[in-house]
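# Descriptive structure summary
Residues per chain are reported as follows:
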There are 2 protein chains.
Amino acid sequence: MNKYIDFLKTNNIKVTPQRIAIIELMDQYGHISVRDIFAKIKANFPTLSLATVYKNINAMLESNFIKELKIVGHDSKYELVKEDHSHMICNECGKVEDIDLETKTLITDAKKISNYSIDESNIQLFGICPECR
Amino acid sequence: MNKYIDFLKTNNIKVTPQRIAIIELMDQYGHISVRDIFAKIKANFPTLSLATVYKNINAMLESNFIKELKIVGHDSKYELVKEDHSHMICNECGKVEDIDLETKTLITDAKKISNYSIDESNIQLFGICPECR
DNA sequence: GTACTTGCAAATACTTTGCAAGTTT
DNA sequence: AAACTTGCAAAGTATTTGCAAGTAC
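Throughout this description, residue numbers start from 1 for each chain and increase along the sequence as written. Working convention: letters from A go to chains and numbers from 1 go to ligands, in the order in which they are written. Only residues with pLDDT of at least 70 get local features here, since the model is predicted, and only at 80 or more are side-chain atom pairs given and counted; chain-wide, interface and lining totals rely on the full set of residues. To obtain the side-chain values, all non-hydrogen atoms of the structure were included, while hydrogens and water were left out.

### A look at the protein's contact with DNA strand D
The near set for a molecule or strand comprises every residue that places at least one heavy atom within 4 Å of it. Around DNA strand D lies a shell of 19 residues, among which R35 and Y54 of chain A together with Q18, R19 and K55 of chain B are the nearest. Among the atoms of DNA strand D close to the protein, meaning within 4 Å, 75% are from sugar or phosphate groups. We call two N or O atoms a polar contact when they sit within 3.5 Å, provided that within protein one can donate a hydrogen and the other can accept it, with sequence-adjacent residues counted only if both atoms are side-chain atoms. A distance of 2.5 Å is found between a phosphate oxygen of DNA strand D and a side-chain nitrogen or oxygen belonging to R35 of chain A. In this structure, a base oxygen belonging to DNA strand D sits 2.6 Å away from a side-chain N or O atom of K55 of chain B. Helical segments are the DSSP runs of H or I of at least four residues, strand segments are the runs of E of at least two, and each set is numbered from the N terminus. Secondary structure elements with two or more residues in the surface near DNA strand D: α4 (50–62) of chain A together with α2 (17–29) and α4 (50–62) of chain B.

Below, the structure is given as structure tokens:
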């Protein structure tokens, strides 16, 4: 947790209890929606406002501390920024999991074919997780 | 265009001028947002309602005639369903382009690592297109 | 003490729904 | 003629903004 607090300080984002609660949830769940953040924090922290959640998410997105994940059929989810990784999504239970895949070849091919420079990739694979099968 | 009209008929979706206009735009632009569909059609067809655009998009999504593309930092875009492909997105001009990439290895790896079955993939690569560099 | 953040209420934006009139088949 | 679609207005949901009071540093 301390590394997160240090990050906030370094980026001149003041450390408030609301922010710590949001970051803890992202750390715990990996990927979480605004609706779920609000519901979970509100339970122990009844004065929390939805506007505060949105403002904080937007602030943390701007400083590149968290990342938005848009997934067809789901609300947007947010995750703490970490090394690049891909996502597996279970069509049965809705779970989203990180997975480390070797993407070098894919990206090299894409550069060759498209003549784009490439900064970032978003790779999502949909299927059924082992627990749901 | 006729293949699209046939598809609608086969799926018991009535062929209206509004629907034809939406499909023509998707065919022409490849990927287009609700906002842009509405603006472009409204120009020649002033009575068109936004609700009609939404209803039609939802009907076409349900019959799997079109697909939604969620892209971070962009409005959702819609495309006609065709063979699987990936997307290149230019961070400068915002353009979205199809690209055919070999994804077999990636998907095989993912199955092995995660033990998921995999039905579908969403691969987006962000960078700068040749025209913007 | 200054500057930023919070919570509330209001505003804006986005999407869906109900229904009467019109269209497609 | 039956069934579906359209456009409008209203409702519902999601997100942002303004501002006074409170908190972090």
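There is more to say after this.
### Comments concerning the pattern of salt bridges
The term salt bridge refers to a side-chain nitrogen of Lys or Arg lying within 4 Å of a carboxyl oxygen of Asp or Glu. Summed over the entire model, instances satisfying the criterion amount to 11 salt bridges over all chains. Residue R35 of chain A is joined to D75 of chain A by a salt bridge in which the shortest nitrogen-to-oxygen separation is 3.7 Å. On the criterion of sequence distance, the pair formed by R35 of chain A in helix α3 (residues 34–44) and D75 of chain A in the loop between β1 (66–69) and β2 (77–80) is long-range, its members being 40 residues apart. Three labels apply to residues, based on accessible area from a 1.4 Å probe with only protein chains included: buried if under 20% of the type maximum, exposed if over 50%, partly exposed otherwise in between. For R35 of chain A, a relative accessible area of 59% gives the class exposed. When its relative accessible area of 43% is taken as the criterion, D75 of chain A is described as partly exposed. Here K95 of chain B makes a salt bridge to E131 of chain B, at a shortest N to O gap of 2.9 Å. Note that K95 of chain B is positioned in the loop between β3 (86–90) and β4 (96–99) and E131 of chain B in the segment after β5 (117–128), a separation of 36 residues in sequence. Residue class for K95 of chain B comes out partly exposed when judged on its relative accessible area of 26%. Several salt bridges converge on common partners, so that one network encompasses E79, K82 and D98 of chain B.

### Remarks on the protein's contact with DNA strand C
What surrounds DNA strand C is a group of 19 residues, the closest being T16, Q18, R19 and K55 of chain A together with Y54 of chain B. K14 of chain A has a polar side-chain atom sitting 2.9 Å from a sugar or linking oxygen of DNA strand C. Of all the secondary structure elements, the ones that give two or more residues to the surface near DNA strand C are α2 (17–29) and α4 of chain A together with α4 of chain B. Put simply, Ala, Val, Leu, Ile, Met, Phe, Trp, Tyr, Cys and Pro go in the nonpolar bin, Asp, Glu, Lys and Arg in the charged bin, and everything else, Gly too, in the polar bin. Broken down by class, the residue content of the surface near DNA strand C amounts to six nonpolar, seven polar and six charged.

### As for the side chain of N56 of chain B
Tracing the sequence through the fold places N56 of chain B in helix α4. Setting aside residues up to four positions removed in sequence, N56 of chain B forms contacts with Q18, R19 and I22 of chain B. Contact criterion: two residues are considered in contact whenever any of their non-hydrogen atoms come within 4.5 Å of each other.

### Quick notes on the nonpolar core
Core analysis: the largest hydrophobic core is formed by 26 residues, its most contacted members being L125 of chain A together with L125 of chain B. Elements represented by at least two residues in this core include exactly β3 (86–90), α5 (104–114) and β5 (117–128) of chain A together with β3, α5 (104–114) and β5 of chain B. In contact with L125 of chain A, other than residues within four places in its own chain, are H87, M88, I89 and L101 of chain A together with I107, A110, I118, E120 and S121 of chain B. What is meant by a nonpolar core is a set of buried Ala, Val, Leu, Ile, Met, Phe, Trp, Tyr and Cys residues, joined one to another through side-chain atoms within 4.5 Å.

### Re the packing of α3 of chain A against α4 of chain A
Residues and elements named next belong to chain A. As a rule, the C-alpha atoms of each element are fitted with a line to give its axis, helices using only the stretch in contact, and angles between N-to-C directions run from 0 to 180 degrees. Orientation of α3 relative to α4, taken along the N-to-C sense of each, is 125°, at an axis distance of 10 Å. Put simply, α3 runs oblique to α4. In this structure, α3 meets α4 at a crossing whose hand is right-handed. Note on element contacts: α4 touches α3 through L50, V53, Y54 and I57, opposite V34, I37 and F38. Roughly parallel refers to an angle under 35 degrees, roughly antiparallel to one over 145, roughly perpendicular to one between 65 and 115, and oblique to any angle outside these ranges. Rotating anticlockwise by less than a right angle from the far helix to the near helix defines a left-handed crossing, while the corresponding clockwise rotation defines a right-handed one.

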